[in-house]
Amino acid sequence: MTNVTYLLVKFVSMLVLSLLTLTLFDSNPFGLVLVYALITTGVNYMISARLFESDDVRSPAALAEGISSMLIAWLMSLIVPGFRSTFLTLFALACAVILSGYFFHSLLIPEIDK
């Protein structure tokens, strides 16, 4: 899979997960969630594609992506006015990112690479 396709799929999945958690649970505006999804996609790309390049470490990569997504949302809620997050929202976001990242790395990437 090319890097552009990889980033596009990661961005769309992060945007959908962010909309489902941050917008639905905490009523954050779409523009801020879009900015969050862009930032998080870049950070998660660096984590999964650059730090965990080997095929043997997919689970830690998904876990690291979930934790980083949660931390970025928490930092944005501290820094950006109008962006809020509660503990349960952050927990739900981290769980959703971990599950989707594990599915993405375990099932989709090997199928696309064939």
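Everything below is about the structure printed above this text.
Worth saying up front: this structure is predicted, and the values here are computed from it rather than measured. Every chain is numbered on its own, with residues counted from 1 as its sequence reads. Whole-chain, interface and lining totals are the exception, using all residues; otherwise, since this is a predicted model, local features are given only for residues with pLDDT of at least 70 and side-chain atom pairs are given and counted only at 80 or more. Values reported for side chains reflect all heavy atoms of the structure, with hydrogen atoms and water molecules removed beforehand.

(A) Fine view of the overall build of the protein chain. Across its full length, the protein chain holds four helices and zero strands. Its helices and strands taken in sequence order, the protein chain reads α-α-α-α from the N to the C terminus. In the protein chain, buried positions account for 38% of the 114 residues. In what follows, residue pairs with any heavy atoms lying within 4.5 Å of each other are defined as contacts. Taking the contacts inside the protein chain whose residues are at least 6 apart along the sequence as the reference set, 71% of them involve residues at least 24 apart. Per element, the accessible surface of the protein chain, about 6400 Å² overall, is 75% carbon and sulfur. Put simply, DSSP H or I for four residues or longer makes a helix, DSSP E for two residues or longer makes a strand, and each gets a number counted from the N terminus. Exposed residues in this analysis have more than 50% of their type's maximum accessible area, buried residues have under 20%, and partly exposed residues fall in between, with area computed by a 1.4 Å probe over protein chains only. Per-residue and other accessible areas follow the Shrake-Rupley method at a 1.4 Å probe size, with only the shown protein chains counted as cover for residues.

(B) Representation of helix α2 (residues 30-51). Residue count minus one, scaled by 1.5 Å, sets the expected span of a helix. Taking 1.5 Å per residue, 22 residues should reach 32 Å; α2 reaches 30 Å between its end C-alpha atoms and fits that length. Within the span of α2, buried status applies to Val33, Tyr36, Ala37, Thr40, Thr41, Asn44, Tyr45, Ile47, Ser48 and Ala49.

(C) Local environment of the side chain of serine 85. Topologically, serine 85 is positioned in the loop between α3 (58-79) and α4 (87-113). Given the relative accessible area of 18%, serine 85 is considered buried. Counting of polar contacts relies on pairs of N or O atoms within 3.5 Å, with two restrictions inside protein: one atom must be capable of donating a hydrogen and the other of accepting it, and residues adjacent in sequence are counted only when both atoms are side-chain atoms. At 3.3 Å, the side chain of serine 85 forms a polar contact with the side chain of serine 77. With residues up to four places along the chain from it excluded, the contact list for serine 85 reads Asp26, Ala73, Trp74, Ser77 and Leu90.

(D) Representation of helix α1 (residues 3-26) in the model. In this model, α1 (24 residues) spans 32 Å end to end at C-alpha, consistent with the 34 Å of a helix rising 1.5 Å per residue. If you check which residues of α1 are buried, you get Tyr6, Lys10, Phe11, Met14, Leu15, Leu17, Ser18, Thr21, Leu22 and Asp26. One or two steps after α1, the chain reaches serine 27, where phi turns positive at roughly 55°.

(E) Focus on the nonpolar core. Buried Ala, Val, Leu, Ile, Met, Phe, Trp, Tyr and Cys residues that are joined via side-chain atoms within 4.5 Å together make up what is termed a nonpolar core. In this structure, Leu22, Tyr36, Ala73, Phe83 and Leu93 are the most contacted members of the largest nonpolar core, which totals 16 residues. The element best represented in this core is α1, accounting for five residues. Once residues lying within four places of it in the same chain are set aside, the contact partners of alanine 73 are Leu22, Tyr36, Phe83, Ser85, Leu90 and Leu93.

Coordinates in, geometry out; function isn't part of it.
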